[in-house]
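Summary of structural features
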Amino acid sequence: MKRKVGYTWRLREVMAQHRIFTATELVPLLRERGIDLSASQVHRLVSGTPERLSLQVLSALCDILSCTPADLVTTTAENAGVRKTATGDLPTPPDNVAKLRPRAARILPDA
């Protein structure tokens, strides 16, 4: 059985719990920990859901916000639905199915 996994990035919520409401407030805190990101990079980190994130940045965020990675990322996993196949829904073919198949064309020379 296949599983469908996903995650939710909760950085903005955790920041709000610690009274940090803008990405610009986070920039100097990251620099203190050796993470040199531009204001736009931090804004994307705060406002969006990153697909890739370095462990250094994640560790710095956890240190700044006194939290664990599990507080910043919540994961979900559920069973993916089984795809239905078309063969189970089709009626059985008739016995004279050979008569329904196309025949090869014969090309005759011009007379």
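It should be noted that the structure appears before, not after, this text.
The following refers to the structure shown.

This part takes up the overall build of the chain. If you tally the helices and strands in the chain, you get six helices and two strands. Moving toward the C terminus, one meets the helices and strands of the chain in the order β-α-α-α-α-α-β-α. The buried share among the 111 residues of the chain stands at 23%. Here the contacts in the chain between residues at least 6 apart in sequence split such that 68% fall between residues at least 24 apart. A total accessible area of about 9300 Å² is found for the chain, and carbon and sulfur atoms account for 54% of it.

Okay, the environment of leucine 37 next. Relative to the helices and strands, leucine 37 resides in the loop between α2 (23–32) and α3 (39–47). Remark: the alpha-carbon pair of leucine 37 and valine 57, spanning 20 residues in sequence, is separated by 9.5 Å. Those residues within four positions of leucine 37 in sequence are excluded, and the remaining contacts are Val27, Leu30, Arg31, Val42 and Val57.

Glancing now at the nonpolar core. Core analysis: the largest hydrophobic core is formed by 23 residues, its most contacted members being Leu11, Leu26, Leu30, Val42, Leu61, Leu65 and Leu72. At the level of secondary structure, the elements contributing two or more residues to this core comprise α1 (11–17), α2, α3 and α4 (55–65). Residue contributions to this core peak at seven residues, all from α4. Not counting the four nearest positions on each side in its chain, leucine 30 is found in contact with Ile35, Leu37, Val42, Ala60, Leu61 and Ile64.

Bringing the layout of surface pockets into the picture now. If a probe as big as a water molecule is rolled over the atoms, it shows which places are left empty. A volume near 170 Å³ is recorded for the largest pocket. Ranked by the residues each element gives to the lining of the largest pocket, the list is headed by α3, at three residues.

Quick look at the pattern of salt bridges now. Using the criterion set out here, one finds four salt bridges in the structure. Residue arginine 10 is joined to glutamate 13 by a salt bridge in which the shortest nitrogen-to-oxygen separation is 3.2 Å. Judged by its relative accessible area of 42%, glutamate 13 is partly exposed. Between arginine 31 and aspartate 36 there is a salt bridge, and its shortest N-O distance comes to 2.8 Å. Relative accessible area serves as the criterion here: at 48%, arginine 31 is assigned to the partly exposed category.

Turning our attention to the side chain of arginine 10. Here arginine 10 lies in the loop between β1 (3–9) and α1. There is a polar contact of 3.2 Å between the side chain of arginine 10 and the side chain of glutamate 13. Ignoring anything within four residues of it in the chain, the contact list for arginine 10 reads Gln17, Asp71, Leu72 and Thr74.

Thresholds applied
- Numbers given for residues are sequential positions, taken from 1 along each chain in its written order.
- Totals for whole chains, interfaces and linings use all residues, but because this is a predicted model, local features are given only for residues with pLDDT of at least 70 and pairs of side-chain atoms are given and counted only at 80 or more.
- In computing side-chain values, all of the structure's heavy atoms are included and hydrogens and water are not.
- Numbered from the N terminus, helices here are DSSP runs of H or I no shorter than four residues, and strands are runs of E no shorter than two.
- Buried, partly exposed and exposed residues are distinguished by accessible area as a fraction of the type maximum, computed with a 1.4 Å probe on protein chains only: under 20%, between the cut-offs, and over 50%, respectively.
- Working rule for contacts: check all heavy atoms of both residues, and any pair within 4.5 Å makes them a contact.
- Per-residue and other accessible areas follow the Shrake-Rupley method at a 1.4 Å probe size, with only the shown protein chains counted as cover for residues.
- To define a nonpolar core, start from buried Ala, Val, Leu, Ile, Met, Phe, Trp, Tyr and Cys residues and group those joined through side-chain atoms within 4.5 Å.
- The way it works is a 1 Å grid over only the protein atoms, where trapped points that fit a 1.4 Å probe form a cavity and open points with protein on both sides within 12 Å along at least five of seven lines form a pocket, and then any residue with an atom within 4 Å of a point lines it.
- Grid points are joined across faces, edges and corners, and a volume is the space filled by probe spheres set on the points.
- A pairing counts as a salt bridge when a side-chain nitrogen of Lys or Arg comes within 4 Å of a carboxyl oxygen of Asp or Glu.
- Any pair of nitrogen or oxygen atoms within 3.5 Å is treated as a polar contact; in protein, a donor-acceptor pairing is required on top of that, and neighbouring residues in sequence qualify only through side-chain atoms on both sides.

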